[in-house]
Amino acid sequence: MPHASNISTPHLQSSLAVVTGGSDGIGVVIATHLARYGAEVILPVRSTAKGELAIARIRGDVPGAKVSTRALDLSSLDSVAELVDELTREGRAVNILVNNAGVMTPPSRQVTTDGFELQFGTNHLGHFALTLGLLPLLKAGGARVTHQTSIAARSSEIDWVDLNSGHNYDVMKAYSRSKLAVALFARELDARSRAQGWGISSNFSHPGVSPTNLLAAQPGLGRDRDTGARRIIRVMSRLGLTGTVASAALPAVRAAADPTSSGDQFYGPKRVLSGPPSLQKKLWAPMQNMSNARKLWEASEALVGSRFAV
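All values reported here derive from a predicted model rather than from experimental measurement. (Residues numbered from 1 in each chain as written. Predicted model: local features only at pLDDT ≥ 70, side-chain atom pairs only at ≥ 80, totals over all residues. Heavy atoms only, no water.)

S.K.: Please provide a residue-by-residue account of helix α4 (residues 118–133), values included.
M.R.: Most pronounced at Leu 125, the bend in α4 amounts to some 35°. For α4, the buried fraction is high: 16 of the 16 residues fall into the buried class. (Bend = angle between axes of the 7 residues up to and from the residue. Helix = DSSP H or I, 4+ residues; strand = E, 2+ residues; numbered from the N terminus. Buried < 20%, exposed > 50% of the residue type's maximum accessible area, 1.4 Å probe, protein only.)

S.K.: Residues and numbers for the nonpolar core, please.
M.R.: What tends to happen in soluble globular proteins is that the nonpolar side chains get buried as a cluster. Within the largest apolar cluster, 50 residues are counted, with the highest numbers of intra-cluster contacts made by Val 80, Leu 130, Leu 138 and Met 287. Sorting the residues of this core by element identifies β1 (16–19), α3 (77–90), α4, α5 (135–140), α6 (171–196) and α10 (290–304) as the ones contributing at least two each. Counting residues per element, this core draws most heavily on α6, at seven residues. The contacts of Val 80, once residues within four sequence positions are left out, are Leu 72, Asp 73, Leu 74, Gly 126, Ala 129, Leu 130 and Phe 308. (Core = buried A, V, L, I, M, F, W, Y, C linked by side-chain atoms within 4.5 Å. Contact = heavy atoms within 4.5 Å.)

S.K.: So what about the packing of aromatic side chains? Which residues, and what values?
M.R.: Counted by the stated rule, this structure contains five aromatic pairs. A ring pair is formed by Phe 185 and Trp 297, whose centres lie 5.7 Å apart and whose planes are at 55°; its orientation type is tilted. In this pair, Phe 185 is assigned in helix α6 and Trp 297 in helix α10, connecting sequence segments 112 residues apart. Of the two residues, Phe 185 and Trp 297, neither departs from the other in class, the shared state being buried. An angle of 85° between the planes, with centres 5.0 Å apart, marks the rings of Phe 266 and Trp 284 as edge-to-face. (Phe/Tyr/Trp six-rings, centres within 6.5 Å; stacked < 30°, edge-to-face > 60°.)

S.K.: I'd like a description of the sheet that holds strand β8 (residues 277–279), backed by residues and values.
M.R.: Taking strand neighbours across the sheet as the criterion, the eight strands line up as β3-β2-β1-β4-β5-β6-β7-β8 in an open arrangement whose pairing is mixed. Each edge of the open sheet is held by one strand with a lone partner, namely β3 (67–71) and β8. The sheet shows a mean angle of 20° between the axes of neighbouring strands, direction not considered. The sheet contact formed by β1 and strand β2 (residues 40–45) spans three bridges and is parallel. Its bridge partner lying in β2, Val 18 is registered against Ile 42. Contacts from helix α2 (residues 48–61) reach β2 and β3, with the element oriented near 165° to β3. Packing of α4 onto the sheet brings it into contact with β4 (96–99) and β5 (144–148), and relative to β4 it is tilted by some 165°. (Pairing = 2+ DSSP bridges. Axes fitted to C-alpha atoms, helices over the stretch in contact; angles between N-to-C directions.)

S.K.: Describe in detail unusual backbone geometry, supporting the description with residues and values.
M.R.: The backbone of Ser 14 shows a phi angle near 75°, a positive value even though the residue is not glycine. Turning to its location among the elements, Ser 14 is positioned in the segment before β1. The exposure class assigned to Ser 14 is exposed, which follows from its relative accessible area of 73%. The phi angle at Asn 168 is positive, at roughly 45°, despite the residue not being glycine. Inspection of the secondary structure assignment puts Asn 168 in the loop between β5 and α6.

S.K.: A description of the side chain of Thr 146 should follow, citing residues and the corresponding values.
M.R.: Considering the arrangement of structural elements, one finds Thr 146 in strand β5. Non-local contacts of Thr 146, meaning those with residues more than four positions away in its chain, are made with Leu 97, Val 98, Asn 99, Asn 203, Ser 205, Ala 252, Ala 255 and Ala 256.

S.K.: Explain the pattern of salt bridges to me, and be specific about the residues and the numbers.
M.R.: Under the definition given, this model contains nine salt bridges. Residue Arg 70 is joined to Glu 90 by a salt bridge in which the shortest nitrogen-to-oxygen separation is 3.0 Å. In this pair, Arg 70 is assigned in strand β3 and Glu 90 in helix α3, connecting sequence segments 20 residues apart. The class for Arg 70 is buried, based on a relative accessible area of 15%. Arg 194 is the salt-bridge partner of Asp 190, the closest N and O atoms lying 2.8 Å from each other. With a gap of four residues between them, Asp 190 and Arg 194 both fall in helix α6, about one helical turn apart. Of the residues examined, Asp 190 reaches a relative accessible area of 3% and is grouped as buried. Classification of Arg 194 as exposed rests on a relative accessible area of 56%. One network of salt bridges, in which partners are shared, links Arg 70, Glu 86 and Glu 90. (Salt bridge = Lys/Arg side-chain N within 4 Å of Asp/Glu carboxyl O.)

So, in structure tokens, the structure goes:
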């Protein structure tokens, strides 16, 4: 596994990091780097079996790594609340939160257990609720929160009339909007922290393009084979035209762990599709509107309900 190039050497001993989507793909690479830098890492996972395999993989790369799993299904607000309650009872301050997990383009419109369109409900609302629920622990840890967006967000826009994508459903547009929502939430979280003295920082990253499991066969989503896009990306990755899973994780690693990174910063591969992790010089246009960021926060609070209220 490559080391995170262009990153100052972090010292995360005694730090506690929580990484969603850490049971495979980009997430397990992020978790491995954080463990290598000395952090204790918690992996909230849907599958206990996959979580145990991830722990074994991390410890294989980082002998003696402190890593454990907790149960979490981001498509269920009840599950999010249960994890928040569990970590609150444990009472450990959280120093790093990486909101990395996601779902992408199921073959048909699906909804979460709470009735939200699956991608918006999982990628954005699940993480929104988790972050707000953990806010006391994040404040106690002076935490850095890193959110994983996507290049799909650069030409997207929020549909304020139909946040839940219930009409004229387009699966890719719904995915793009969910990832734009992730970025807007990241920016508004940092703005509110600075305005209200929460003591946390919030930034965001994108992985470029790589052959991750987002487009792989996922029977749970109704997809029984890899998508054609994933097969093409796998070939492009072998040719060096796009990133690898290992390289695609590095922007989030730098955003979360580099001592020089701070709030409201955006990281990605230097060449957009691939390359070393780099601080992006300019936000993509849909991410620049802070009025939209505030509006989305308020709408999201209404959707997830009072149990996650700040």
